[in-house]
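In case you want the letters, here they are:
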Amino acid sequence: MPTTVSAAARRGFLIALASFLVAGAAAFFTPAAQAQSNLPEFADLAERVGPAVVNIRTTERRAARGNGMPEMDEDMLEFFRRFGLPIPNQPGPRGQRPQPDGEPQQRGVGSGFILSADGYVMTNAHVIDGADEVFVTLADKREFKARVIGSDRRSDVALVKIDAAGLPSVRTGDVNRLRVGEWVIAIGSPFGLENTVTAGIVSAKARDTGEFLPLIQTDVAINPGNSGGPLINMRGEVVGINSQIYSRSGGYMGISFAIPIDEATRVAEQLKTTGRVSRGRIGVSIDQVTKEVAESIGLGKPTGALVRSVEAGGPAENAGVEPGDIITRFDGKTVEKSGDLPRIVGAVKPGSKATLQVFRRGAYKDLSVVVAEVEPDRARRTAEAETKPHATTTTLGIGVSDLTEAQKRELKLKNGVRVEVAEGAAARAGLREDDVILSIDNTEITSAKQFESVVAKLDKSRAVTALVRRGDTVNFLIIRPAR
């Protein structure tokens with residue numbers, strides 16, 4: 001017969017089950033469990049940092065076109081049409097007329113953030129570039145006309161000042177602690193929509209998209225108007241300035257870039273002190289070191305910056321740097337890749353003496369250099385072609401001739417031979433007539449006769465590394481035997 005359960009037993013079982021479920025739910029909804037199951041909380045961050053983020057509006061005075069309408073870029077016109085926005089300074093639905101010639105006209109909007117309570121504001125240089133007037137609007141809607149302290153196009157950092165005191169300001173963070181995958185938020189004015197908060201993660205660090213800056217890549221939504229606003233970590237610290245986006249449409253496509261705040265702060269300090277930024281330079285043109293070249297010349301791993309050319313009379317030439325050298329250290333800092341060198345040198349005060357380490361023909365060498373100041377691009381000279389002497393072709397398919405004394409003076413070279421013939425393996429490697437061969441497998445070439453002797457002793461079954469100068473630059477070519 002089936003077992004009969006009493007009503008009292010059933011009630012006891014149900015009470016026990018209910019108690020178990022209540023206890024489980026209580027455990028699940030503890031703060032610790034919620035913290036593990038929920039996404040990060042951004043509201044407190046936005047509340048804490050938001051008051052220090054500002055909207056920046058710029059104006060400029062410019063003449064109107066013959067038809068009375070101001071000039072506007074066609075891409076910008078298309079943007080306003082696509083989003084159904086009123087076109088600035090164009091007749092509106094009620095027939096508003098554009099401002100007369102010479103009157104201030106709105107140029108653009110951007111974002112910024114307050115660095116200190118006495119009114120210093122940081123933004124992007126491109127936000128205020130070309131503006132006649134700059135206006136800063138605080139989160140509490142107060143508006144101030146700002147004075148431009150200075151801007152630096154190379155880093156895209158600008159500093160402006162408003163006459164106010166007791167302002168909310170941001171805290172800056174340590175970029176070195178920033179980790180790929182870490183949550184960050186941006187606050188700014190995309191399309192003029194003030195105090196807009198977006199969130200994402202750090203996608204990568206030290207992206208080489210600028211000459212002097214290793215940018216922070218994120219997937220935080222950034223759009224026109226966000227430029228100059230802060231990138232904020234989960235501790236409420238500013239770690240970057242939102243500056244660029246990668247886009248084929250003009251709008252956000254999932255990749256944005258920010259200027260690291262430590263780099264930006266160094267620029268801002270110089271702007272505040274002198275109104276301009278001073279950077280060091282040594283006068284070299286550089287390139288990356290490939291794995292193949294590093295192995296073939298005995299460097300081991302692809303590290304450092306390959307010197308392709310040296311500026312005549314510049315700091316590097318005076319220090320003894322030669323084309324084909326690989327700069328591996330500068331001022332005590334390791335040059336991991338070619339993009340590191342401009343940033344390391346740029347941070348050194350002009351006039352300072354620094355030690356640089358080069359790898360040359362299988363050995364390391366320390367040189368002392370006096371750092372100069374970055375100047376506008378200089379004109380570069382190319383040696384004139386001269387009459388070609390007779391050349392004998394070697395087993396590599398290369399025919400060379402000695403450089404004349406006039407050619408050496410013109411090219412600023414002590415040694416090397418001119419290529420007159422490049423056939424077979426040499427041609428496949430990219431060697432051309434009029435190239436100058438400076439070394440073969442780390443052996444410096446001093447004459448055509450010595451070149452032929454060196455080549456005659458090479459193992460014909462293995463690849464040969466040649467350091468070649470073309471015009472004002474040098475590069476390594478790998479000449480492989482035919483198989």
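Source: prediction; values computed, not measured. (Residues numbered from 1 in each chain as written. Predicted model: local features only at pLDDT ≥ 70, side-chain atom pairs only at ≥ 80, totals over all residues. Heavy atoms only, no water.)

## A word on the overall build of the protein chain
Rule in force here: A run of DSSP states H or I qualifies as a helix once it reaches four residues; a run of E qualifies as a strand once it reaches two. Both are numbered from the N-terminal end. With a 1.4 Å probe rolled over the protein chains alone, any residue whose accessible area is under 20% of its type maximum counts as buried; one over 50% counts as exposed, and the rest are partly exposed.
On a plain count of helices and strands, the protein chain comes out with twelve helices and 28 strands. Taken over 483 residues, the protein chain has a buried fraction of 43%.

## Thoughts on helix H12 (residues 448–456)
Stated formally: Each direction from the helix axis to a C-beta atom contributes to the arc, which is the arc of those directions. Only heavy atoms matter for contacts: two residues are in contact if any of them lie within 4.5 Å across the pair.
Within H12 the residues assigned to the buried category are Ala448, Phe451, Val454 and Val455. With its buried residues spanning 120 degrees around the axis, H12 presents them on a single face. Of the exposed residues in H12, those oriented more than 90 degrees away from the buried face are Lys449 and Ala456. In this fold, the buried residues of H12 make contact with strand S23 (398–402), strand S24 (417–422), strand S25 (436–440) and strand S26 (443–444).

## A closer look at the side chain of Arg279
Stated formally: Side-chain atoms alone can form a polar contact between residues adjacent in sequence; in general such a contact is a pair of N or O atoms within 3.5 Å, and within protein one must be able to donate a hydrogen while the other accepts it.
Mapped onto the elements of the fold, Arg279 is located in the loop between helix H6 (261–274) and strand S14 (280–281). Judged by its relative accessible area of 10%, Arg279 falls in the buried class. In this structure the side chain of Arg279 is engaged in a polar contact, spanning 2.5 Å, whose partner is the side chain of Asp152.

## Digging into the pairing of strand S9 (residues 196–208)
Under the convention used in this document: When DSSP finds at least two bridges between two strands, those strands are taken to pair.
The pairing of strand S8 (residues 183–188) with S9 spans six bridges and is classified as antiparallel. Bridging from a neighbouring strand, Ala186 pairs with Thr198 of S9.

## Overview of the confidence of the model for the protein chain
Heads up, the condition is: The predictor's confidence in any single residue is recorded as pLDDT, a number from 0 to 100.
Summing up the model confidence of the protein chain, the mean pLDDT is 82 and the portion of residues at 70 or higher is 76%. In this model residues 91–99 is a low-confidence stretch, pLDDT under 50, and it forms nine contacts with partners more than four residues away in sequence or in other chains.

## Re the nonpolar core
The test is simple: Working definition of a nonpolar core: buried Ala, Val, Leu, Ile, Met, Phe, Trp, Tyr and Cys residues. They are joined through side-chain atoms within 4.5 Å.
Ranked by internal contacts, the top residues of the largest apolar core, which has 38 residues, are Met122, Ile241 and Ile261. At five residues, H6 tops the list of elements feeding residues into this core. Discounting residues that sit within four places of it in the chain, Ile261 has contacts with Phe113, Met122, Thr172, Gly173, Val175, Val238, Val239, Gly240 and Ile241. Residues Val400, Ala429, Val455 and Leu458 belong to the second largest nonpolar core, which totals 22 residues.

## Description of the packing of aromatic side chains
Counted only if it meets this: Aromatic pairs are defined between Phe, Tyr and Trp rings, using the six-membered ring for Trp, whenever the two ring centres lie within 6.5 Å; interplanar angles under 30 degrees are classed as stacked, those over 60 as edge-to-face, and all others as tilted. Both a distance and an angle decide whether a charge sits over a ring: NZ of Lys or CZ of Arg must be within 6 Å of the ring centre and within 35 degrees of the ring normal.
Throughout the structure, instances matching the rule amount to two aromatic pairs. Taken together, a centroid distance of 5.0 Å and an interplanar angle of 65 degrees make the contact between Phe359 and Tyr364 edge-to-face. Overall, Phe359 belongs to the buried group, its relative accessible area being 4%. With a relative accessible area of 48%, Tyr364 lands in the partly exposed category. Positioned over the ring face of Phe135 is Arg57, at 4.5 Å from the centre of the ring. For the cation-ring pair, Lys272 lies above Tyr120, with the distance from its terminal atom to the ring centre recorded as 4.3 Å.

## Quick notes on the pattern of salt bridges
Applicable threshold: Whenever a carboxyl oxygen of Asp or Glu lies within 4 Å of a side-chain nitrogen of Lys or Arg, that contact is scored as a salt bridge.
Applying the stated rule across the entire model yields 25 salt bridges. Note that Lys337 is salt-bridged to Asp340, the shortest N-O span being 3.3 Å. A residue is classified by how much of its surface remains accessible, and Asp340, at 13% relative accessible area, is buried. Across the pair Asp434 and Arg418 runs a salt bridge whose closest N-O atoms are separated by 3.5 Å.

## Details of the environment of Arg266
Tracing the backbone through its elements, the reader meets Arg266 in helix H6. Between the C-alpha atoms of Arg266 and Ala347, which are 81 residues apart in sequence, the distance is 9.0 Å. A distance of 3.3 Å separates polar atoms of two side chains, one belonging to Arg266 and the other to Glu263.

## Regarding the environment of Gly424
Here Gly424 lies in helix H11 (residues 424–428). Sequence separation between Gly424 and Leu396 is 28 residues; the distance between their C-alpha atoms is 7.5 Å.

## Here we look at H6
The following threshold applies: Working rule for helices: expected span equals 1.5 Å times residues minus one.
The end-to-end C-alpha distance of H6 is 20 Å, a good match for the 20 Å that 14 residues give at a rise of 1.5 Å each. Along H6, the positions that sit buried rather than exposed are Ile261, Glu263, Ala264, Val267, Ala268 and Leu271. Down the axis of H6, the buried side of the element spans an arc of 150 degrees, and every buried residue falls inside it. Along H6, exposed side chains directed more than 90 degrees from the buried face belong to Thr273 and Thr274. One or two residues past the end of H6 sits Gly275, with phi positive at roughly 85 degrees.

## Topic: unusual backbone geometry
Within the chain, Asp156 stands out as a residue other than glycine whose phi angle is a positive 65 degrees. Mapped onto the fold, Asp156 is located in the loop between strand S5 (143–152) and strand S6 (157–161).

## Regarding the pairing of S25
Most of S25 is tucked away: five of the five residues are buried. Across two bridges, the pairing between S24 and S25 is antiparallel. Bridging across to S25, Arg418 finds its partner in Val436. Of the pairings in the sheet, the one linking S25 to S26 comprises two bridges and is antiparallel in character. Bridging from a neighbouring strand, Ile440 pairs with Thr443 of S26. With antiparallel pairing between neighbouring strands as the criterion, S25 and S26 make up a hairpin whose turn holds two residues, including Asp441 at a positive phi of roughly 45 degrees.

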